[in-house]
Amino acid sequence: MENKLSRRSLLQAAAAVPILSAAAASAAPTAAAAAPAPAAPAAQNGGRPDTADPRFTIAVLPDTQYLLDDGGSDAEPVAATLRHLVREQARDNIVFMAHLGDVTEHGTVSEMRAASRAFDAAGRLSYSVLAGNHDVSGDDQRGDTPYLRTFGPRRFSRMKTYGGSSPDGYNSYHVVRGGGRDWLVLALDWRASDAGLAWAQGVLGEHAELPTILTTHDLVWAEDDGAAQLSDNGQRLWERLIRGNDQIFLALGGHYWPSGRTTMTNDAGNPVHLHITNYQDRYYGGAGMVRYYSFDLDRGVIDVETFSPWLRAKQDPTPLESEHVELSGDVDRFTVEIDFDERFAAFAPPVLPVPLPPSAVMPRGTVAYWRFDEAGLATAVADGAPVAPGTVARDLTGNGNDLTSSLLHASGPETLTWSAEHHDAQPAHASLRFDGGKGPDRGAVLRTGPDAPVNSAKFESGYTIETFLKLPEPFEGDHSWMGILSWEGRAGDAGKHSGWSDDEPTCSLNLSGERFLQFVVYPVPGDADPTSWSHAIPVGRWMHVALVNDGRHTVMYVDGSKIVRNAAEESRGISTLGKPFAIGGTQFDEKYEQGFYGWIGDTRIVSRALRPDQFLTARNR
C-alpha cells in the first residue's frame with residue numbers, strides 16, 4: 001500500500017488507516033456462502049504443468065489496488081497477467097499463483113465485482129488471495145465484507161490445491177505439487193488475530209513435513225538499497241509463527257515500496273528468506289507486474305524475475321512502456337541459493353533408494369564389482385573407523401578380483417577410513433574415505449592380487465568402468481594429478497611411446513589441478529593415448545563417473561551426462577600388462593606418489609558398453 005521511504009513513522013501511519021469498515025461492507029449482500037460461484041473460465045489453457053519436473057514456477061502478484069479503483073482505473077493489466085499465466089502454464093511450468101493483498105483500492109462492492117471479473121481470466125490456474133488494508137479494515141475477526149464474499153472459501157473450493165480456511169474465512173492454505181513433492185502455501189490476512197495465528201499453527205502442525213511459503217500483506221519494508229527489515233506486524237508474525245516453525249523457509253509480503261529482501265535465522269538455526277514485492281508506485285499502477293519464483297531443485301536455487309505481461313505484449317510500446325516491461329535491479333531479479341535437501345532435512349528428510357543386493361547390479365559381462373558395505377568389506381563397522389592394511393574388499397562377481405588395502409609411504413591409519421556416506425543412487429550405502437596428499441606424499445590404495453584375471457583383460461570388444469566419488473569441501477591442499485583408479489605398469493613396457501611419458505600407466509582416471517577428470521588409455525592396437533576430459537567437477541557433492549568404450553571410441557559420462565571433450569581417436573581395448581588394478585592412486589614409473597583425497601564408492605567393470613539406463617545409478621532394473 002505505502003511507500004516506506006526511510007521513515008519509520010510512515011510505517012506506523014500506514015498500518016493505522018482503515019479503508020472500509022465492516023459496517024460499511026455489510027451494505028452489500030450478507031453471507032459469503034450465498035455468493036454465486038465464480039464465472040466460467042475466460043482464458044484458454046496453455047497446457048498443464050509437469051508437477052514432477054524439478055524446475056517449476058510459483059508466480060506472485062502484489063498490490064493491484066490502483067488498477068481496481070472506482071475512482072478511475074484499468075483492470076486489463078491484471079487480467080492480462082492472469083491470461084499470461086494460464087497461457088504459459090506448461091511452458092513456464094507454473095504450478096501456483098499467490099496474490100499478496102490490496103486487490104482493490106477501497107474494498108467496495110463494485111471494485112470487488114471488477115476484481116472478480118479480472119480473476120476469471122485465471123481459468124483453472126490454482127491461486128491464493130489474501131486481504132490487504134485497502135480491501136478490509138481491522139483484523140480477521142471483522143466479519144462479513146465484500147472482499148470475503150468475493151475471495152472467501154467458496155472461490156477456492158474448486159481448486160485441487162485448496163486445503164481449507166480459518167473459521168472467519170480470511171486465512172487459507174493450499175498444498176501445491178511441484179518438483180515431485182508437496183509444498184504448503186499459507187495465505188494470511190493482513191492482520192491475523194490470535195485466533196488466526198492459532199489456526200495457522202494448527203495447519204503447520206497438520207502438515208509438519210511440508211516446506212512452507214508464508215504469504216501475507218504486511219511483513220517487511222525496505223530502504224532504497226533494498227535492505228529489508230521486519231515491520232511491526234512482521235515482527236509479530238516472526239515471533240509468533242515463523243521463527244519457531246522450521247518448515248517456513250520463504251515469507252513474502254507487499255504493502256510497502258520499494259521492493260527488498262532480507263534473510264533471518266530461525267530457532268533451528270536455518271535461514272528464512274523474507275521478501276517484499278510491490279510495484280504500485282511504478283508506471284500504470286504497476287502494470288500488472290508479476291514476479292516469477294522459479295524453483296530448480298537440481299541446481300539448488302530459486303531464480304526470481306519481475307515483468308509485466310501486459311506491457312510485454314504491446315506491439316508498439318511507448319518509451320515509458322518499454323522502460324517498465326521488466327525490472328532487472330538487484331531487488332527484482334536475483335537468485336536465492338538453497339540446498340533444499342539440507343534445508344528441509346530436519347522435518348522432511350529425503351527418502352533415499354534402499355540398498356540393492358550385489359546380484360541386482362551385475363549384468364551380463366560384469367568382470368568385477370566392489371562395494372564397501374558388509375557385503376563387500378567384512379570390516380565395515382563404524383563411520384570413521386580405520387581400514388587396516390591387508391583388509392580385503394571382495395570382488396562380488398566371484399571372478400577372483402579381490403582388492404587388498406595398503407598404506408603408502410609412512411601414512412597413518414587415518415589415511416583410509418570406512419564411511420557411511422554415499423551417493424543417493426549408489427547400490428551400497430557405504431564408501432571409503434581416502435586422505436591422500438603431497439608434501440609429504442601420503443595415501444592408500446586397494447590393489448588386486450598378482451593373478452587376478454582383470455590384470456590381463458584387454459577389453460577389445462568394449463568396456464564400461466564406473467565409480468562413485470566425492471571431493472571434500474573445502475578442498476584443501478594441492479592434489480593436482482592425483483589418481484582415482486588405474487592399472488599398474490609402464491606404457492613404455494607395452495610398446496607405447498607416443499604419450500606424455502613412457503613411465504605413465506596404460507590406463508588411469510585422474511584429477512587435474514583444475515579439477516578436470518582425465519581418463520587416459522593406451523589401446524591395444526596402435527601407439528596412441530586417446531584422452532577424455534571432463535569439466536571442472538564440484539566439491540562437496542557425490543557424483544557418478546562412467547567410462548564407456550564400444551570397441552571404437554571412449555565416452556566419459558558424469559552423473560549420466562555425456563561430457564564434450566571425448567577423444568576423437570579410435571580406441572580399442574586397454575593395453576594391460578598383467579599387473580594389478582588399483583583404486584585410490586595412479587603409479588608413475590611403477591611407483592605411487594600421492595594418493596586420492598576424498599571418497600570412493602561402488603566400482604564396477606563390465607566387458608561391454610552399457611547405456612546410461614544400465615549404469616549403477618539406474619533403478620528401473
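Given the structure is predicted, the values throughout are model-derived calculations rather than measurements.

**Here we look at empty space enclosed by the protein**
Per the stated rule, a full pass over the model turns up 3 cavities of 30 Å³ or more. By volume, the largest cavity is sized at about 50 Å³. As for the largest cavity, its lining consists of Leu 61, Pro 62, Asp 63, Thr 64, Leu 67, Tyr 279, Gln 280, Gly 285, Gly 286, Gly 288 and Met 289. Considering only residue class, the lining of the largest cavity consists of 5 nonpolar, 5 polar and 1 charged.

**Some points on the layout of surface pockets**
Its volume calculated, the largest pocket comes out at about 1,400 Å³. Along the wall of the largest pocket there are 33 residues; nearest its centre are Leu 297, Asp 339, Asp 341, Asp 424 and Arg 541. Listed by contribution, the elements that provide at least two residues to the lining of the largest pocket are β7 (181-187) and α11 (340-343). The element contributing the most residues to the lining of the largest pocket is α11, with 3 residues. Residue composition of the lining of the largest pocket, grouped by class: 15 nonpolar, 6 polar and 12 charged.

**Structural notes on the packing of helix α7 (residues 194-206) against helix α8 (residues 232-242)**
Between α7 and α8, the shortest axis-to-axis distance is 10 Å and the interhelical angle comes to 40°. Considering their axes alone, α7 and α8 lie oblique with respect to each other. Judged by the sense of rotation from one axis to the other, the crossing of α7 with α8 is right-handed. Contacts between α7 and α8 involve Asp 194, Leu 197, Ala 200, Gln 201 and Leu 204 on the former and, on the latter, Arg 236, Leu 237, Arg 240 and Leu 241. For the contact of α7 with α8, the per-class residue count stands at 5 nonpolar, 1 polar and 3 charged.

**Things to note about the pattern of salt bridges**
Throughout the structure, instances matching the rule amount to 35 salt bridges. Linking Arg 299 and Asp 296 is a salt bridge whose minimum nitrogen-to-oxygen distance equals 3.4 Å. When its relative accessible area of 4% is taken as the criterion, Asp 296 is described as buried.

**Structural notes on the confidence of the model for the chain**
Atom-level detail of predicted coordinates should not be read off regions where pLDDT is low. In this model, the chain carries an average pLDDT of 92, and 92% of its residues clear a pLDDT of 70 or more. Here residues 2-43 is modelled with pLDDT under 50, and outside its nearest four sequence neighbours on either side it reaches 87 contacts, counting other chains as well.

**Topic: the environment of Arg 55**
Checked against the element boundaries, Arg 55 lands in strand β2 (residues 55-61). Put simply, Arg 55 and Gly 164 are 109 residues apart on the chain and 27 Å apart in space, counted from C-alpha to C-alpha. Setting aside chain neighbours within four positions, we find Arg 55 in contact with Asn 93, Phe 295, Asp 296 and Asp 298.

**Some points on the pairing of β7**
Counting buried residues along β7, 5 of its 7 residues qualify, which places the element largely inside the surrounding structure. Taken together, the 7 bridges between strand β6 (residues 172-178) and β7 define a ladder with antiparallel strand orientation. By the bridge assignment, Val 175 is partnered in β7 with Leu 184. Hairpin connection of β6 to β7: 2 residues between the antiparallel strands, including Gly 179 at a positive phi of 65°. In the sheet, β7 pairs with strand β8 (residues 212-215) via 4 bridges, with the strands oriented parallel.

**Side note on a positive patch on the surface**
A contiguous patch of positive charge, built from Arg 48, Arg 124, Arg 158 and Lys 160, is present on the exposed surface. Considering the arrangement of structural elements, one finds Arg 158 in the loop between α6 (153-156) and β5 (162-165).

**Looking at the pairing of β5**
Two elements, β5 and β6, share 3 bridges in a ladder whose sense is antiparallel. Note that in β6 the partner of Gly 164 across the bridge is Tyr 173. Linkage of β5 to β6, two consecutive antiparallel strands, is achieved through a turn of 6 residues, within which Gly 169 is found at a positive phi near 90°.

Calculation notes
- Residues numbered from 1 in each chain as written.
- Predicted model: local features only at pLDDT ≥ 70, side-chain atom pairs only at ≥ 80, totals over all residues.
- Heavy atoms only, no water.
- 1 Å grid on protein atoms, 1.4 Å probe; cavity = no way out; pocket = protein on both sides within 12 Å on 5 of 7 lines; lining within 4 Å.
- Points joined across faces, edges and corners; volume = space filled by probe spheres on them.
- Nonpolar A, V, L, I, M, F, W, Y, C, P; charged D, E, K, R; others polar.
- Helix = DSSP H or I, 4+ residues; strand = E, 2+ residues; numbered from the N terminus.
- Axes fitted to C-alpha atoms, helices over the stretch in contact; angles between N-to-C directions.
- Parallel < 35°, antiparallel > 145°, perpendicular 65-115°, else oblique.
- Left-handed = near helix turned anticlockwise from the far one by under 90°.
- Contact = heavy atoms within 4.5 Å.
- Salt bridge = Lys/Arg side-chain N within 4 Å of Asp/Glu carboxyl O.
- Buried < 20%, exposed > 50% of the residue type's maximum accessible area, 1.4 Å probe, protein only.
- pLDDT = per-residue confidence, 0-100.
- Pairing = 2+ DSSP bridges.
- Patch = residues over 30% accessible without salt bridge, like charges linked within 9 Å, V, L, I, M, F, W, Y side chains within 5 Å.
- Areas by Shrake-Rupley, 256 points an atom, 1.4 Å probe, with all protein chains shown as cover.
- Lys, Arg positive; Asp, Glu negative; His and termini not counted.
- Charge placed at Lys NZ, Arg CZ, Asp CG, Glu CD.

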